[in-house]
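# Analysis of the macromolecular model
Residue strings, one per chain:
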Amino acid sequence: MRTRFCEVFGVEHPVAQGGMQWVGRAELVAAVAEAGALGFLTALTQPTPEDLAKEIARCREMTDKPFGVNLTILPSIDPPPYAEYRDVIVESGVPVVETAGSNPVEHLPVFRAAGVKVLHKCTSVRHAVKAQELGVDGVSIDGFECAGHPGEDDIPGLVLIPAAAEKITVPMLASGGFGDARGLVAALALGADGINMGTRFVATAEAPVHDNVKQALVQATERDTDLIFRPLRNTARVASNSVSREVIEILATGGAFEDVRDLVAGARGRRVYEEGDPELGIWSAGLVQGLIHDVPTVAELVERIVTGAEELVRDRLGGLVRS
Ligand SMILES: Cc1cc2nc3c(=O)[nH]c(=O)nc-3n(C[C@H](O)[C@H](O)[C@H](O)COP(=O)(O)O)c2cc1C
């Protein structure tokens, strides 16, 4: 099952693994590349641009296949040196970057001049159209189901993806809520050229996180996520736990970001992945966890999705058509 996404981004399967803070490291990204899908190292998981250069080199030792880097540009009082991370991406010769978080306009000329393909991830049709006008090579669109930041419009993929498909002419990935063959077939039917997944890739053998986190995803249902930061209009979908519920309570009763700053600290979330206690902090998870029932290798997962999608189209959907 090849689509124009495969042609433009030089991968075998129409499947991508989006950037994931603390999770998008060489072990996972190399496994995704080896499986013929497009994986992204997460730039800001590396403490400095120099560390990102080392992580890219480490990933190259594990695979000869192409992989990319995610650059998440979020508004911040004390921003990381985005331009330096960008320059490392360019200088290391990585063929593709996933930009996310805000408009990538400032960085696009540098990527284009270096021949780095840009897949911009956003959460609305208008932002996808804007990115297309700016000249990105492809877009990923995250529906309301997604882990991390779904935006403030609350439009699930079933409407968001076909609405975007009416306006987007560059290759487009559907993202948010995808985890199996049914999702890939649905995404293609809705007008996308493939799928981007986050949560499903956390529950794989190679994901460099504690096994308890993977088992927590297997145990969780589609009802076990929370939306935090809604009153701040910076919504994030995270695994529901005592910390997420406390954050919601504080903000709902008039609290400000300052009042939850310690609870949501990235360092606490990182400890969840390293120490395996899901209650230690905030960690991202999407609704699709309700469809996750095991912890396969990345190769098994990708194979299962693409082969299953082919079977689904041929045997189930094809069989419904009268000749
Ligand atoms: C643990 C985790 C961390 C994430 N961190 C980031 C990030 O740093 N930057 C980003 O652009 N997206 C991030 N995401 C979002 C994913 O790249 C992807 O868009 C999203 O997970 C898709 O929805 P799904 O989880 O339903 O597959 C993260 C997702 C997860 C599960």
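What counts, and where the lines are drawn
- Residues numbered from 1 in each chain as written.
- Predicted model: local features only at pLDDT ≥ 70, side-chain atom pairs only at ≥ 80, totals over all residues.
- Heavy atoms only, no water.
- Helix = DSSP H or I, 4+ residues; strand = E, 2+ residues; numbered from the N terminus.
- Rg over C-alpha atoms; globule rule 2.2 N^0.38 Å.
- Buried < 20%, exposed > 50% of the residue type's maximum accessible area, 1.4 Å probe, protein only.
- Contact = heavy atoms within 4.5 Å.
- Areas by Shrake-Rupley, 256 points an atom, 1.4 Å probe, with all protein chains shown as cover.
- Near = heavy atom within 4 Å.
- Polar contact = N/O pair within 3.5 Å; in protein donor to acceptor, adjacent residues only side chain to side chain.
- Nonpolar A, V, L, I, M, F, W, Y, C, P; charged D, E, K, R; others polar.
- Domains from an automatic or database assignment.
- Buried area = accessible area lost by both parts, 1.4 Å probe.
- Salt bridge = Lys/Arg side-chain N within 4 Å of Asp/Glu carboxyl O.
- Pairing = 2+ DSSP bridges.
- Right-handed = clockwise from strand over helix to strand, strands pointing away.
- Phe/Tyr/Trp six-rings, centres within 6.5 Å; stacked < 30°, edge-to-face > 60°.
- Lys NZ or Arg CZ within 6 Å of the ring centre and 35° of its normal.
- Core = buried A, V, L, I, M, F, W, Y, C linked by side-chain atoms within 4.5 Å.

## Focus: the overall build of the protein chain
- For the protein chain, the count of helices and strands is 14 helices and ten strands.
- Computed over C-alpha atoms, the radius of gyration of the protein chain comes to 19 Å, within 12% of the 20 Å expected from 2.2 N^0.38 for 323 residues, which places it in the range of a compact globule.
- Considered along the principal axes of its C-alpha atoms, the protein chain spans approximately 60 × 45 × 40 Å.
- Counting over 323 residues, the protein chain shows a buried share of 51%.
- Within the protein chain, contacts between residues separated by at least 24 positions form 61% of all contacts whose residues are at least 6 apart in sequence.
- Of the roughly 14,100 Å² of accessible surface on the protein chain, 53% is carried by carbon and sulfur atoms.

## Let's talk about the site of the ligand
- Residues in close proximity to the ligand total 22 residues, the closest being Gly-19, Thr-72, Lys-121, Gly-177 and Thr-199.
- Within the contact set of the ligand, an oxygen atom lies 2.7 Å away from a backbone nitrogen or oxygen of Gly-19.
- When the ligand sits alone it has 600 Å² of accessible area, and the protein chains cover 93% of it.
- Counting only elements with at least two residues in the shell around the ligand, the list comes to β3 (68-72) and β8 (194-197).
- Each residue belonging to the shell around the ligand can be placed in one class, and the counts come to seven nonpolar, 13 polar and two charged.

## Topic: the domain arrangement of the protein chain
- Taken domain by domain, the protein chain consists of domain 1 (4-207 + 295-320) and domain 2 (225-284).
- In this structure, domain 1 and domain 2 have C-alpha centres spaced 24 Å apart.
- Contact with domain 1, which involves 15 residues of that partner, is made by 13 residues of domain 2.
- Buried area between domain 1 and domain 2, both sides added, is near 1,200 Å², and the carbon and sulfur share of it is 50%.
- Three residues, Trp-22, His-149 and Glu-152, lead the burial of domain 1 against domain 2; their summed loss comes to 48% of the area buried on that side.
- At the boundary of domain 1 and domain 2, one finds two salt bridges.
- The shortest N-O distance in the salt bridge between Asp-154 and Arg-230 comes to 2.7 Å.
- Summed over the shared surface of domain 1 and domain 2, the number is ten residue pairs in polar contact (both at pLDDT 80 or more).
- In terms of residue class, the side of domain 1 that touches domain 2 is built from seven nonpolar, four polar and four charged.

## Overview of the pairing of β3
- In terms of burial, β3 is a largely internal element, four of the five residues being buried.
- In this structure, strand β2 (residues 38-42) lies alongside β3, joined through three bridges in parallel fashion. In the sheet register, Leu-41 faces β3, and the bridge partner there is Val-69.
- You can see the chain leave β2, run along helix α3 (residues 49-62) and come back into β3, and the turn it takes is right-handed.
- Two elements, β3 and strand β4 (residues 96-100), share five bridges in a ladder whose sense is parallel. Residue Gly-68 lies in a different strand from β4, and its bridge partner there is Val-96.
- A crossover connection joins β3 to the parallel β4 through helix α4 (residues 82-91); in handedness this β-α-β unit is right-handed.

## A short note on the packing of aromatic side chains
- Scanning all chains against the criterion turns up three aromatic pairs.
- For the cation-ring pair, Arg-237 lies above Phe-144, with the distance from its terminal atom to the ring centre recorded as 4.9 Å.

## Re the pattern of salt bridges
- The full count for this structure, using the stated rule, is 16 salt bridges.
- Its salt-bridge partner being Arg-86, residue Asp-87 comes within 3.1 Å of it at the nearest N-O pair.
- Arg-86 gets classed as buried once you look at its relative accessible area, which sits at 10%.
- Residues joined in a network through salt bridges with shared partners are Glu-27, Glu-55 and Arg-58.

## Brief notes about the nonpolar core
- Judged by nonpolar contacts, the single largest core of 77 residues is most densely connected at Leu-71 and Phe-201.
- Sort the elements by how many residues they give to this core and helix α2 (residues 26-34) lands first, with seven residues.
- Formed jointly, this core draws a minimum of three residues from each of two domains, domain 1 (4-207 + 295-320) and domain 2 (225-284).
- In this structure, Phe-201 is in contact with Val-15, Ala-16, Gln-17, Met-20, Leu-28, Val-32, Ala-207, Val-298, Leu-301 and Val-302, ignoring residues within four places of it in sequence.
- If you look at the next biggest cluster of nonpolar residues, it comprises eleven residues, including Ala-236, Val-238, Val-247 and Leu-263.

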